[in-house]
Amino acid sequence: MRSSSFSFPGLNATGPALLLSALLFLLFSGVMRAQMPAAKGRLVSSVESRQAKLIEMSDKIWALAEVAFEEGESAKILADYAEQQGFRVERGVSEMPTAFIAEYGSGQPIIGILGEFDALPGISQKAVPTKEPLREGAAGHGCGHNLFGVGSLAAAIAIKEAMQRGEIKGTVRFYGTPAEEKYFGKLYLARDGKFDDLAACLDWHPAPKIEADVQSSLALVDFIVEFRGQAAHASGDPWNGRSASDAMELMSAGINAYREHVQPTVRIHTHMQQAGDVVNVVPDYARFWVRVRDSKRAGMVAVWERVQEIAKGAAIMANVDYEITLVSGLHEVLVNRAGGEVMQQNLELLGDITYTPEEVAFAHGIQEATGKKQVGIDGKVKPLEETLENPGGGSTDVGDVSWLVPEVRLGVTTAPVGTPWHSWAVVACGGMSIGHKGMLYAGKALALTMYDLYQSPATLEKMRQEFETRRGDGKYEAILPASGPPIPGKK
Ligand SMILES: [Zn+2]
């Protein structure tokens, strides 16, 4: 494979720096490409050949920055492009207008790939290394989902082309999964059995490092507690009042006492959403948002039950009524090391991401502005880690998918070391070349890994066996309200 078929990543470099990094890159990539089997080289070229279009789509989604279940334009950009590329596209899947499934090919195996595209409210930011909103008060891609959706679609298209060349057989299915940040769109796809016929599924996530991700996540449940009492004049006739906000405060105190007696893996978050409007009225309504997490679903469920008892106790003490409404819940990720090992081999084949002096300077700017050491960007491929029994960190609706099908996960560098996640700093990097490079790299790594899975029924079988073992007799049961996805404006 000719190294000149590689695109040059140092788009912003100038003068001697540009020349030097171009030479180094061509030399380096020539070495890497020489080790790569020809069929895999073609997958890499497929992603590179549409690099400009992929970056354009990512930047559009980045600028749109649409939040959970309002990602109409973002979903359309991805679905339209998939359709143009010859995929069969089904839109508005599982009662969600912004969910879609794009499929190409026929027969077995069916391999899925997940794409997200929702933004986070309130963190709008320009692609500059100091805090400067693009639109004051607007949303921003503080989790890099503009890159996530496009990178995954790039991989699906590369696989489609390999199918067209007759190199692999089967079906590739891209899932456009909305509202990861708030309502967990994948739960409704899971509820409707949309993942049930997959042999395997893949995803990636923007990150401060490159790694085949073999760590689990936390299971969680979200619910709302509403207290209803009796309003009265807070001074004139308080004996006629029954305070809903007293109940909420008592519930909060109960949870805080309970924290001493939970396992170290448990997290309980609360948000007092409403507690009256003025000081001289006894509040007759209060609304409390509670989230419980644990490293395993079973532990989470036990704490969830106890916290509901605390709500009941608080309502009794304040002499008010209470009502609990389930929002939704997530399963922890079931790790698949067999799949992770295939991903690891392909990361090593692709090698590290290198950065221009301008990108390193941008990273230093981000680190300075967020009070971090100016250590730059980590583009090195990490060795495959041991899987921890109780990981820390957050939760993801990919967890639910991983209970239905062996899931292969990837993290790719799209922001400097130490960047605060879900912040303006991640938004900034996702709208410039540091984010773009990570996205293109992810597209290649996912395509190479999917290719290996299509080629090796034995690997798929090994992944399936590990999946069955880890799941044990724990049956998947989605934690969802009966009312369906909370689409804005829907009644
Ligand atoms: Zn995310």
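Residues numbered from 1 in each chain as written. Predicted model: local features only at pLDDT ≥ 70, side-chain atom pairs only at ≥ 80, totals over all residues. Heavy atoms only, no water.

## Points about helix α9 (residues 337-350)
- With 14 residues, α9 should cover 20 Å at 1.5 Å per step; its first-to-last C-alpha distance of 20 Å lies within 8% of that length.
- Burial of α9 is extensive: 11 of the 14 residues sit out of reach of the surface.
- Arg337, Ala338, Gly339, Gly340, Val342, Met343, Gln344, Asn346, Leu347, Leu349 and Leu350 are the residues of α9 that are buried.
- Glycine 351 occupies a position one or two residues after α9 and carries a positive phi of about 80 degrees. (Helix = DSSP H or I, 4+ residues; strand = E, 2+ residues; numbered from the N terminus. Expected span 1.5 Å × (residues − 1). Buried < 20%, exposed > 50% of the residue type's maximum accessible area, 1.4 Å probe, protein only.)

## Examining the coordination of the zinc ion
- In the first shell of the zinc ion, the protein supplies Cys143 (SG), His145 (NE2) and His205 (NE2), at 2.1 to 2.2 Å from the metal.
- If you list the donors of the zinc ion from N- to C-terminus, the spacing comes out as C-x1-H-x59-H. With histidine 145 in helix α5 (residues 145-164) and histidine 205 in strand β5 (residues 200-207), this residue pair connects regions lying 60 residues apart in the sequence. Taken individually, histidine 145 and histidine 205 each receive the classification buried, so the pair is uniform in this respect. (Donors = N, O, S within 2.8 Å, 3.2 Å for Na, K, Ca; no water.)

## Quick look at the sheet that holds strand β9 (residues 285-294)
- Strands sit in the order β8-β9-β7-β10 across an open sheet of four strands; the sheet is antiparallel. Bordering the open sheet on either side are β8 (267-275) and β10 (321-330), each of which pairs with just one other strand. Taken over all neighbouring pairs, the strand axes of this sheet differ in orientation by 15 degrees on average, direction set aside.
- Docked against the sheet, helix α8 (residues 297-318) engages β7 (219-228), β8, β9 and β10, running at close to 10 degrees with respect to β7. (Pairing = 2+ DSSP bridges. Axes fitted to C-alpha atoms, helices over the stretch in contact; angles between N-to-C directions. Contact = heavy atoms within 4.5 Å.)

## Quick look at the environment of proline 457
- Looking at the secondary structure, you find proline 457 in helix α14 (residues 457-471).
- Along the primary structure proline 457 and arginine 88 are separated by 369 residues, whereas in three dimensions their C-alpha atoms are 25 Å apart.

## Structural notes on the packing of helix α3 (residues 51-64) against helix α4 (residues 72-84)
- Axis separation between α3 and α4 bottoms out at 9 Å; the angle between their running directions is 165 degrees. Classified by the angle their axes make, α3 and α4 are roughly antiparallel. The crossing of α3 and α4 is right-handed. Residue-level inspection shows Lys53, Met57, Lys60, Ile61 and Leu64 of α3 in contact with α4, the latter providing Glu73, Ser74, Ile77, Leu78 and Tyr81.
- For the contact of α3 with α4, the per-class residue count stands at six nonpolar, one polar and three charged. (Parallel < 35°, antiparallel > 145°, perpendicular 65-115°, else oblique. Left-handed = near helix turned anticlockwise from the far one by under 90°. Nonpolar A, V, L, I, M, F, W, Y, C, P; charged D, E, K, R; others polar.)

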